[in-house]
Amino acid sequence: MYGIYCLVIFFTTIIATYGALSEIIEHGATYKEVGLFVIVFYCMSLLFIICNEAHHASKRVGLNFQERLLNVNLTAVDKATQKEVEMFLVAIDKNPPTMNLDGYANINRGLITSNVSFMATYLVVLMQFKLTLLRQSAKKALIASLTANLTKIAATKANPQ
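As the structure is a prediction and not an experimental result, all values here were calculated from the model.

## Topic: the confidence of the model for the protein
Next, step 1: For the protein, the mean per-residue pLDDT works out to 85, and 98% of the residues sit at or above 70.
Next, step 2: Of all secondary-structure elements in the protein, the lowest mean pLDDT belongs to strand β1 (residues 99–100), at 77, while helix α4 (residues 109–158) reaches the highest, 89.

Take a look at the structure:
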């Protein structure tokens, strides 16, 4: 469930940022872009909360479990159980508990930085497409304007009044 939610946050942030930046490039800054940046801030705040709480929960679960095992009176049990508890404590220490998105990605603080880097990459590519389209439309407008001006000049030279 959280995996889909994180993907929705990721794509919403990219789309809102791209929309705001492309509108600023084309028409200048207005209140609409402020609204889009509020959406970006809200989505990134949600992502931070999810990742930060997952990080803290992972740390707390591992430490609480280790603490409970260490509080067990090992002198009251046999040697095999003592060895098993010690090996389990070592296993918890070497492989701390993690939360993940159905095995695709671990939810921790590193997810925030990786999402920001992915978003920056996608935004650079999208903005390159946008700027290419703007250049092509400006070039077409310039050619149309020059053609119209040359036609006017040719018409005035052909029919001087």
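From this point on, the discussion continues.
## Regarding the UniProt feature "transmembrane region" (unreviewed entry) in the protein
Next, step 1: Under the feature "transmembrane region" (unreviewed entry), the UniProt entry names residues 32–51.
Next, step 2: Spanning residues 32–51, this segment combines 100% helix with 0% strand, and its end C-alpha atoms are found 29 Å apart.

## A word on the nonpolar core
Next, step 1: Residues Cys6, Ile9, Cys43, Leu46, Leu47, Ile50, Cys51, Ala54, Leu101, Ile107, Leu111 and Ile112 constitute the largest nonpolar core, which totals 12 residues.
Next, step 2: Of all the secondary structure elements, the ones that give two or more residues to this core are α1 (2–27), α2 (31–70) and α4.
Next, step 3: Broken down by element, the residue count for this core peaks at 6 residues, all from α2.
Next, step 4: For cysteine 6, the residues in contact, after removing those within four places along its chain, are Leu47, Ile50 and Leu101.

## Some remarks on helix α3 (residues 79–94)
For an α-helix, the turn length of 3.6 residues means that residues three or four places apart are oriented alike.
Next, step 1: Across its 16 residues, α3 extends 22 Å between first and last C-alpha, which sits within 8% of the 22 Å expected from 1.5 Å per residue.
Next, step 2: Of the residues making up α3, those classed as buried are Gln82, Val85, Leu89 and Ile92. Taken down its axis, α3 places every buried residue within 90 degrees of arc, on the same side. Exposed residues on α3 whose side chains face more than 90 degrees from its buried face are Lys79, Ala80, Lys83 and Lys94.
Next, step 3: Elements that come into contact with the buried residues of α3 comprise α2.

## Comments concerning a nonpolar patch on the surface
Next, step 1: Judged by side-chain polarity, Leu7, Phe11 and Ile15 come together as a nonpolar surface patch covering roughly 330 Å² of accessible area.
Next, step 2: Residue position: phenylalanine 11 is located in helix α1.

## Overview of the packing of aromatic side chains
Given two aromatic rings, one states the distance between the centres and the angle between the planes to describe the pair.
Next, step 1: Scanning all chains against the criterion turns up 2 aromatic pairs.
Next, step 2: Considering the side-chain rings of phenylalanine 10 and phenylalanine 11, the 5.2 Å spacing of their centres and the 70 degrees angle between planes classify their relative orientation as edge-to-face.
Next, step 3: Residue phenylalanine 10 is classed as buried on the basis of its relative accessible area, which comes to 8%.
Next, step 4: Looking at phenylalanine 11, the relative accessible area reads 46%, which means it is partly exposed.
Next, step 5: Ring geometry for phenylalanine 10 against tyrosine 122: centres 5.9 Å apart, planes inclined by 70 degrees, an arrangement best described as edge-to-face. Of this pair, phenylalanine 10 sits in helix α1 while tyrosine 122 is found in helix α4, placing the two residues 112 residues apart along the sequence.
Next, step 6: With a relative accessible area of 44%, tyrosine 122 lands in the partly exposed category.

Analysis parameters
Residues numbered from 1 in each chain as written. Predicted model: local features only at pLDDT ≥ 70, side-chain atom pairs only at ≥ 80, totals over all residues. Heavy atoms only, no water. pLDDT = per-residue confidence, 0-100. Helix = DSSP H or I, 4+ residues; strand = E, 2+ residues; numbered from the N terminus. UniProt positions renumbered as here; feature names shortened; annotations may be inferred. Core = buried A, V, L, I, M, F, W, Y, C linked by side-chain atoms within 4.5 Å. Buried < 20%, exposed > 50% of the residue type's maximum accessible area, 1.4 Å probe, protein only. Contact = heavy atoms within 4.5 Å. Expected span 1.5 Å × (residues − 1). Arc of directions from axis to C-beta. Patch = residues over 30% accessible without salt bridge, like charges linked within 9 Å, V, L, I, M, F, W, Y side chains within 5 Å. Areas by Shrake-Rupley, 256 points an atom, 1.4 Å probe, with all protein chains shown as cover. Salt bridge = Lys/Arg side-chain N within 4 Å of Asp/Glu carboxyl O. Phe/Tyr/Trp six-rings, centres within 6.5 Å; stacked < 30°, edge-to-face > 60°.

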